[in-house]
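Coordinates in review
Single-letter residue listing:
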Amino acid sequence: FAKTQATAQGMAEIFNEEVAKRVPPGHKSVSKVMFLTCCTYVVEENDGLRREVLAEKRLEGQYMKFNSNGGFVLGQEKEVNLLGNLVSECVIEEDEEEEDEEAEGQGLAQIMASILPEHVPQAFSHFSHQHSKKKMLVCDLQGVYDSTRHLFELTDPVIH
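Residues numbered from 1 in each chain as written. Predicted model: local features only at pLDDT ≥ 70, side-chain atom pairs only at ≥ 80, totals over all residues. Heavy atoms only, no water.

**What to know about the overall build of the chain**
Selection rule: Each helix corresponds to a stretch of at least 4 residues labelled H or I by DSSP, and each strand to a stretch of at least 2 residues labelled E; elements are numbered beginning at the N terminus. For this analysis, residues touch if any pair of their heavy atoms sits within 4.5 Å.
The helix and strand tally for the chain stands at 4 helices and 8 strands. For the chain, the share of sequence-separated contacts (at least 6 apart) that also reach a separation of at least 24 residues comes to 64%.

Now the structure itself:
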């Protein structure tokens, strides 16, 4: 559990950095993704039995499931194509030449202006698959969204 969560956090850090690089000057930033750090405690009971307990920060706010490892996607009926565009921007190789930087910058600005917080978990899952060259997919995203900090605090992911 702890290793999976730490791996997901590493991918979240890369995702947040890549998205932040693409926010045009003067535009709002896109919400960030982070996974809770967990700790394991060993508790000795009065009867001499030892039990391991996994603990993590208590999440404040409305706990939600954003996607699952079985195909569920929150708000799927509102399919949004701009997520693919955002993620595509994140995985472009830096040494690729851009034909028209100004036009592309304007297109990216339009995409960034259209992104809602609820799009971010799905973009993150997609990014994890693309960035890892299809070797892993971080999904089963659940937790809370803190709208004051523009932050998804997630726990218990699955990595395929």
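**Comments concerning the sheet that holds strand 7 (residues 151-155)**
For clarity, the cut-off: Here, a strand pair is defined by DSSP locating no fewer than two bridges between the strands. In this description, a line fitted to the C-alpha atoms serves as the axis of each element, helices being fitted only across the stretch in contact, and the angle between N-to-C directions of two axes falls anywhere from 0 to 180 degrees.
Reading across the sheet, the 4 strands line up as 1-7-6-4 and stay open at both edges, with mixed pairing between neighbours. Here the strands that pair on one side only, and so sit at the sheet edges, are strand 1 (32-35) and strand 4 (64-65). Direction of pairing for strand 1 relative to strand 7: parallel, over a ladder of 4 bridges. Residue pairing for strand 7: lysine 32 is matched across the bridge by leucine 151. Packed on one face of the sheet, helix 1 (residues 2-21) meets strand 1 and strand 7 and runs near 165° to strand 1.

**Describing the pattern of salt bridges**
Basically, it comes down to this: Throughout this description, the term salt bridge denotes a Lys or Arg side-chain nitrogen within 4 Å of a carboxyl oxygen of Asp or Glu.
By the definition in use, this model includes 8 salt bridges. With a shortest N-O distance of 3.8 Å, arginine 58 and glutamate 60 are connected by a salt bridge. What you see here is one network of salt bridges that share partners, running through Lys57, Asp146, Arg149 and Glu153.

**A look at the packing of helix 1 against helix 4 (residues 120-131)**
The axes of two packed helices give the description: the angle between them and the distance between them. Condition: Angles are sorted into four bins: roughly parallel if under 35 degrees, roughly antiparallel if over 145, roughly perpendicular if 65 to 115, and oblique for all others. For this classification, Asp, Glu, Lys and Arg are treated as charged, while Ala, Val, Leu, Ile, Met, Phe, Trp, Tyr, Cys and Pro are nonpolar and the rest, including Gly, are polar.
Close contact between helix 1 and helix 4 brings their axes to 10 Å; oriented N to C, the two are set at 105°. Taken together, the axes of helix 1 and helix 4 lie roughly perpendicular to each other. Two secondary-structure elements touch here, helix 1 through Ala8, Met11, Ala12, Ile14, Phe15 and Glu18 and helix 4 through Val120, Ala123, Phe124, Phe127, Ser128 and His131. Grouping the amino acids of the contact of helix 1 with helix 4 by side-chain chemistry returns 9 nonpolar, 2 polar and 1 charged.

**Focus on the packing of aromatic side chains**
Any two aromatic rings considered together are summarised by their centre-to-centre distance and by the angle between their planes. Condition: Aromatic contacts are taken between Phe, Tyr and Trp rings whose centres are within 6.5 Å, Trp giving its six-membered ring; a plane angle under 30 degrees counts as stacked, one over 60 as edge-to-face, and the others as tilted. When accessible area is computed with a 1.4 Å probe and restricted to protein chains, residues below 20% of their type maximum are described as buried, those above 50% as exposed, and intermediate ones as partly exposed.
One pass over the full model with this rule turns up 5 aromatic pairs. Between phenylalanine 15 and phenylalanine 124, the aromatic rings sit 5.5 Å apart at their centres with planes inclined by 75°, giving edge-to-face as the arrangement. Linking phenylalanine 15 in helix 1 with phenylalanine 124 in helix 4, this pair joins segments that are 109 residues apart in sequence. Each member of the pair, phenylalanine 15 as well as phenylalanine 124, carries the same accessibility label: buried. Chaining the aromatic ring pairs together yields one cluster made of Phe15, Phe35, Phe124 and Phe127.

**So, the nonpolar core**
If you look at soluble globular proteins, the nonpolar side chains tend to sit buried side by side. As a reminder of what qualifies: Nonpolar cores are built from buried Ala, Val, Leu, Ile, Met, Phe, Trp, Tyr and Cys residues. Side-chain atoms within 4.5 Å join them into one set.
Ranked by size, the top nonpolar core spans 19 residues in total, and within it Phe15, Val33, Phe35 and Phe124 carry the most contacts. At the level of elements, helix 1, strand 1, helix 4 and strand 7 are the ones that each hand at least two residues to this core. Counting residues per element, this core draws most heavily on helix 1, at 5 residues. Beyond its immediate stretch of four places on either side in the chain, phenylalanine 124 contacts Ala8, Met11, Ala12, Phe15, Val33, Phe35, Val138 and Leu141.

**Here we look at the side chain of glutamate 153**
To keep it simple, the criterion reads: In protein, a polar contact means a hydrogen-donor-capable atom and an acceptor-capable atom, both N or O and within 3.5 Å, with residues adjacent in sequence counting only if both atoms are side-chain atoms; elsewhere, any N or O pair within 3.5 Å suffices.
Position of glutamate 153 relative to the elements: it lies in strand 7. Within the local environment of glutamate 153, its side chain forms a polar contact with the side chain of lysine 57, the two groups lying 2.5 Å apart. Dropping the residues within four chain positions of it, glutamate 153 is found in contact with Met34, Leu36, Lys57, Leu59, Gln142, Gly143 and Val144.

**Quick word on the environment of cysteine 139**
Relative to the elements of secondary structure, cysteine 139 occurs in strand 5 (residues 138-139). For cysteine 139 and serine 68, which are 71 residues apart along the polypeptide, the C-alpha to C-alpha distance reads 6.0 Å. The residues contacting cysteine 139, other than those within four sequence positions of it, are Asn67, Ser68, Asn69, Ser125, Pro157, Val158 and His160.

**A closer look at helix 1**
The condition that has to hold: Any helix carries an expected span of 1.5 Å times its number of residues minus one.
The end-to-end C-alpha distance of helix 1 is 29 Å, a good match for the 28 Å that 20 residues give at a rise of 1.5 Å each. Every buried residue of helix 1 is accounted for by Gln5, Ala8, Gln9, Met11, Ala12, Phe15, Asn16, Glu18 and Val19.

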